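Fold and geometry: a report
Each chain, letter by letter, is given below.
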Amino acid sequence: MISRVESDGRPVVAILTMHDSYSMFRGNRQNFQEIIKTGKDMGFMVYVVTVRDLKLNSGTVKGYTLQSDNSWEQRLCPLPQVIYNRIPYREDESLPWVRRKIKECQKHPHIDIYNPHFFNKWQLFSWLNKSRLTKKWAPLTKRMKGFPTLYEMIKRKPYLYLKPEDGKAGQGIMRVRYQRNNSLPYRIQIQNNKNSTTYKAASLERLWNRVYQETKGSSYLIQQGIELAQVHGRAFDLRILVQKNEFGAWSVTGIGARMAGAKSITTHVPRGGTIEDPEKLLPIVFGQERSEAILSEVRKAAVHMARQIEKSSGHTHGEMSMDLGIDSEGVLWFFEANSRPMKFDEPAIRKKSLERIFQYSDYLINQR
Ligand SMILES: Nc1ncnc2c1ncn2[C@@H]1O[C@H](COP(=O)(O)OP(=O)(O)O)[C@@H](O)[C@H]1O
Ligand SMILES: [Mg+2]
């Protein structure tokens, strides 16, 4: 028999994740602990629930509660008013029974669920391109349908990024460059764990063989490459956390910068990238005044894009992180948005991001 816990009048928020045969449930435990502690301090009852245990037609659900010694106990908890979706893997979330459960939550008369699905990279670009306001930030992007797409794109842009549609953390990313007046004018760089491998080819057909070897069977995007601003020869881009606030409005929680590792074609920290402060980095390239203007555009653009993405998705989202690039001219570009933002390592952003989860939950509850 598992014992019951009562909400004692507190608003109830559940973190939704997937069960796991080895460790009870999936997801970043430290993240969940910090979310629960913040919620508790703000007067909420918070627990973790797996999709499997979330039975909406019974009065209570089996949830994992955090004990004072940081251990997890399964308890019978009241049904949540707000469900914060943190299912960590696309593969789990796309299972039909998981999709059905999420739909049930969306239809439930007393429950709000937010971040109901992962984003697909292709969809993000097509959504941004639908609005006059947001399309200027979307690099030219095509779905790769064989050699003709590569051919068509390289004619228009001599620098391209190839990215898996459902990729994350730099997996499977390649870039292609055409350099005229070179005996081997086509160059492809393929991202490995921490470095990248380069091949050179005399013709695009030859280069395609290499691309095909890497991509066969999986869906890829081909995208205009952006010449990112650099400091000391290392490219950097921005990670923006956008969340809904206590008024239910999209708002920028924080902006971080990530600088690419010397041998990497992406800026991810696990691939040798480093965490930087955009307010220090940007002035090195653009000077103080220009940097302030860029950052203020970034803030506005991120809010516009979050609204457009949410509206186009047709579902309620409460937070997303965005990867934005600034090119060497200071122009802003969108690379991707993620509906399961990773923890931000910058302490001020982190603290605010945790609080916002509950400020927005509070808003949802008061709306009812
Ligand atoms: N079109 C592009 N031009 C230049 N750099 C890019 C482009 N697309 C991606 N990148 C670089 O690669 C990184 C990873 O790309 P992203 O689309 O965010 O994929 P992932 O899902 O693997 O994180 C970006 O943060 C950026 O540094
Ligand atoms: Mg990314």
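Residues numbered from 1 in each chain as written. Chains lettered and ligands numbered in written order. Predicted model: local features only at pLDDT ≥ 70, side-chain atom pairs only at ≥ 80, totals over all residues. Heavy atoms only, no water.

If you look the protein chain up in an unreviewed UniProt entry, it shows as Endospore coat-associated protein from Paenibacillus glucanolyticus.

Think of a ball as big as a water molecule: rolled over the atoms, this probe shows where empty space is left. Reported here for the largest pocket is a volume of approximately 1,000 Å³. In terms of lining residues, the largest pocket is bounded by 31 residues, among which Lys-168, Asn-338, Arg-340, Pro-341 and Met-342 are the most central. Breaking the lining of the largest pocket down by element, the ones donating at least two residues are helix H1 (29-41), helix H2 (90-93), strand S19 (319-326) and strand S20 (332-338). It is S20 that contributes the most residues to the lining of the largest pocket, 3 residues altogether. Its boundaries defined by the atoms lining it, the second largest pocket holds a volume of some 620 Å³. Taken together, 39 residues make up the lining of the second largest pocket; nearest its centre are Tyr-161, Arg-175, Leu-228, Ile-265 and Thr-266. For the lining of the second largest pocket, the secondary structure elements donating two or more residues are strand S10 (159-164), strand S11 (174-178), strand S14 (220-224), strand S16 (234-244) and S20. Looking at the lining of the second largest pocket, its residues break down into 12 nonpolar, 15 polar and 12 charged. When residues of the lining of the second largest pocket are assigned to domains, at least three map to each of domain 2 (121-137 + 228-367) and domain 3 (141-224). (1 Å grid on protein atoms, 1.4 Å probe; cavity = no way out; pocket = protein on both sides within 12 Å on 5 of 7 lines; lining within 4 Å. Points joined across faces, edges and corners; volume = space filled by probe spheres on them. Helix = DSSP H or I, 4+ residues; strand = E, 2+ residues; numbered from the N terminus. Nonpolar A, V, L, I, M, F, W, Y, C, P; charged D, E, K, R; others polar. Domains from an automatic or database assignment.)

Let's shift gears to the site of ligand 1. The immediate surroundings of ligand 1 are formed by 20 residues, with Lys-121, Lys-163, Gly-170, Asp-237 and His-268 found nearest. Calculation on ligand 1 without its partners gives an accessible area of 550 Å², and the protein chains cover 99% of this total. Counting atoms within 2 Å of the grid points, the majority share of ligand 1 lands in the second largest pocket. Among the elements of the structure, S10, S14, S16 and S20 are those that each provide at least two residues to the shell around ligand 1. Across the shell around ligand 1, the residue classes tally to 5 nonpolar, 8 polar and 7 charged. If you count residues domain by domain, the shell around ligand 1 takes at least three from each of domain 2 (121-137 + 228-367) and domain 3 (141-224). (Near = heavy atom within 4 Å. Areas by Shrake-Rupley, 256 points an atom, 1.4 Å probe, with all protein chains shown as cover. Sits in = over half its atoms within 2 Å of the grid points.)

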